[in-house]
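Architecture at a glance
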Amino acid sequence: MMKKFLLIFVAVFFLGNAFAQDFSNKGKEFWLAFSYHVGMVQTAGGLPAMTLNITSDVTTTCVVEIFGGVNLFSGTITANVVTNVTIPTTYFINGDGLFNNNAIHVTAAKPIVVYSFITRSAASAATLCLPTNVLGKQYYGMSFTQISNEPNSNSFITIVGVEDNTSIEIIPTVSTVGGWAAGSINVVNLNKGQVYQVLGTTAGTNGQDISGTSVRSIASGTNTCKKIAVFSGSGKLSLAACGAGSSSDNLYQQLYPASTWGKKYLSVPSSGRLTNFYRIMRPAFTAVVKLNGTIIPSASFTNGYYTFSNSIPNLIESDSVVSVTQYFTTSGCNGNPAPYDPDMIVLNPVEQNINKVTLISSPLLAGP
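Residues numbered from 1 in each chain as written. Predicted model: local features only at pLDDT ≥ 70, side-chain atom pairs only at ≥ 80, totals over all residues. Heavy atoms only, no water.

1. Focus on the packing of aromatic side chains
Applying the stated criterion across every chain, the model contains 10 aromatic pairs. Relative to Phe 308, the ring of Tyr 278 lies with its centre 4.9 Å away and its plane at 15 degrees, an arrangement referred to as stacked. Here Tyr 278 is found in strand E21 (residues 276-281), whereas its partner Phe 308 is found in strand E24 (residues 305-310), with 30 residues between them in sequence. Ring centres 5.7 Å apart and planes at 45 degrees place the aromatic pair Phe 301 and Tyr 306 in the tilted group. Residues Phe 301 and Tyr 306 agree in their burial class; the two are buried. Here the aromatic cluster, defined as three or more aromatic residues joined through ring pairs, consists of Tyr 278, Phe 301, Tyr 306 and Phe 308. Between the NZ or CZ atom of Arg 282 and the centre of the ring of Phe 301, over which it lies, the distance is 4.0 Å. (Phe/Tyr/Trp six-rings, centres within 6.5 Å; stacked < 30°, edge-to-face > 60°. Helix = DSSP H or I, 4+ residues; strand = E, 2+ residues; numbered from the N terminus. Buried < 20%, exposed > 50% of the residue type's maximum accessible area, 1.4 Å probe, protein only. Lys NZ or Arg CZ within 6 Å of the ring centre and 35° of its normal.)

Laid out in structure tokens, this is it:
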């Protein structure tokens with residue numbers, strides 16, 4: 001099988017939003033989970049591995065632990081050096097529902113950046129991680145049309161509680177493995193360090209696309225709305241309309257809270273792939289959204305998002321905040337050469353001024 005190295009931007013610092021607050025993926029505390037991957041169920045292809053890449057522009061101490069349990073790393077992060085920490089497979093989030101003693105908690109004496117890789121020899125993805133101070137209270141799930149080359153490749157949303165007595169309202173756009181119907185209102189309660197995962201249902205290698213699902217912290221009794229960490233993607237899928245036999249990868253991204261979204265986005269087509277797909281998430285149904293100067297008809301949005309594809313730079317503008325996700329297509333799809341495989345990345349709005357970028361080429365392998 002074709003293999004490729006997994007590339008990722010490390011230390012992309014972004015500042016500013018509509019509320020004039022400072023946001024960055026550089027911080028002293030992070031919450032994560034070993035989100036769903038098809039290899040947790042389809043083990044013949046090998047178990048997935050989770051690796052944290054941790055770095056900083058200053059030397060500092062750092063602790064990585066399973067909250068309330070096992071210490072996985074305690075030591076020094078040397079300035080401008082990447083430290084890798086492996087998360088044991090014991091802490092898989094491999095189903096729909098509540099998980100105790102599985103949350104990954106990262107703390108440091110001085111600001112660090114954290115990137116998370118979930119890899120298997122034939123399906124790998126990575127995400128930047130957001131520190132606790134950047135987390136919010138409203139999120140929308142994002143995946144893609146759920147067509148894969150392996151069964152049980154469910155789309156997912158993984159929610160991590162960072163405070164006790166957190167009530168979360170979840171309104172799925174599709175039916176879920178846990179028995180929720182599309183459009184139903186469901187409330188779950190999390191304490192600090194608990195994890196709740198929602199899986200879209202599957203039938204064979206196809207399944208439900210959980211994109212657009214609303215996840216928000218709500219007040220309950222005497223408890224106020226509290227911050228949560230939310231991840232979304234797919235256990236494995238091909239991209240785009242190239243059939244179930246196409247090469248497939250898992251999708252895995254930490255979602256930006258709606259409070260950090262913007263009104264203007266620029267996209268750049270990926271090198272070597274003729275077509276990129278995009279999804280614009282528009283929570284305000286009355287928002288006027290323009291793509292390259294042309295208004296997108298409101299009826300073109302499904303479950304709150306609009307999907308389009310092209311091979312050119314794009315300007316996306318809205319009179320209300322939106323989120324934009326860019327997708328990279330698979331080998332053999334739309335003329336792509338090998339070894340390209342599917343991936344997705346949540347874009348930063350123009351309002352967030354990027355002032356520093358550091359690159360890493362990870363030795364972790366990805367493939368079809």
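2. With respect to the pattern of salt bridges
A side chain of one charge can pair with a side chain of the opposite charge when the charged atoms of the two come close. If you walk through the whole model with that rule in mind, you get 5 salt bridges. Between Glu 169 and Arg 216 there is a salt bridge; the shortest N-O distance is 2.7 Å. Taken as a pair, Glu 169 in strand E12 (residues 166-171) and Arg 216 in strand E17 (residues 214-218) lie far apart in primary sequence, 47 residues in all. Notably, a salt bridge pairs Arg 279 with Asp 209, separated by 2.8 Å at the nearest N-O pair. Linking Arg 279 in strand E21 with Asp 209 in the loop between strand E16 (206-207) and E17, this pair joins segments that are 70 residues apart in sequence. Each member of the pair, Arg 279 as well as Asp 209, carries the same accessibility label: buried. Where salt bridges share partners, they join Arg 120, Glu 150 and Lys 236 into one cluster. (Salt bridge = Lys/Arg side-chain N within 4 Å of Asp/Glu carboxyl O.)

3. Quick look at the sheet that holds E12
The antiparallel open sheet is built from 4 strands, whose spatial order is E10-E17-E12-E13. In this open sheet, the two edge strands, each paired with only one partner strand, are strand E10 (138-140) and strand E13 (186-190). Each strand of the sheet is rotated relative to its neighbour by a mean of 25 degrees, with strand direction disregarded. Here E12 runs beside E17; their pairing, made up of 5 bridges, is antiparallel. (Pairing = 2+ DSSP bridges. Axes fitted to C-alpha atoms, helices over the stretch in contact; angles between N-to-C directions.)

4. Regarding the pairing of strand E5 (residues 71-77)
As defined by bridge partners, strand E4 (residues 60-66) adjoins E5 across 6 bridges and the pair is classed as antiparallel. Note on E5: the bridge partner recorded for Thr 60 is Ile 77. What sits between the antiparallel neighbours E4 and E5 is a turn of 4 residues, in which Gly 68 has the positive phi angle 80 degrees.

5. A word on the nonpolar core
Counting residues in each nonpolar core, the largest one holds 90 residues, and the members touching the most others are Leu 52, Ile 54, Val 64, Val 106 and Ile 280. Counting residues per element, this core draws most heavily on strand E8 (residues 104-119), which supplies 8 residues. Setting aside chain neighbours within four positions, we find Val 106 in contact with Lys 28, Glu 29, Phe 30, Leu 32, Leu 52, Ile 54, Cys 62, Val 63, Val 64, Ile 112 and Val 114. (Core = buried A, V, L, I, M, F, W, Y, C linked by side-chain atoms within 4.5 Å. Contact = heavy atoms within 4.5 Å.)

6. What about the sheet that holds strand E18 (residues 228-237)?
Taken in spatial order, the 5 strands of this open sheet run E7-E14-E11-E18-E19, and their pairing is antiparallel. Either end of the sheet is taken by a strand with one partner, and the two such strands are strand E7 (97-99) and strand E19 (249-254). Adjacent strand axes in the sheet meet at a mean angle of 20 degrees when their direction is disregarded. Relative to strand E14 (residues 195-199), E7 is paired through 3 bridges, and the arrangement is antiparallel. Bridging from a neighbouring strand, Leu 98 pairs with Tyr 196 of E14.

Remember that the coordinates give geometry; whether it matters functionally is a separate question.
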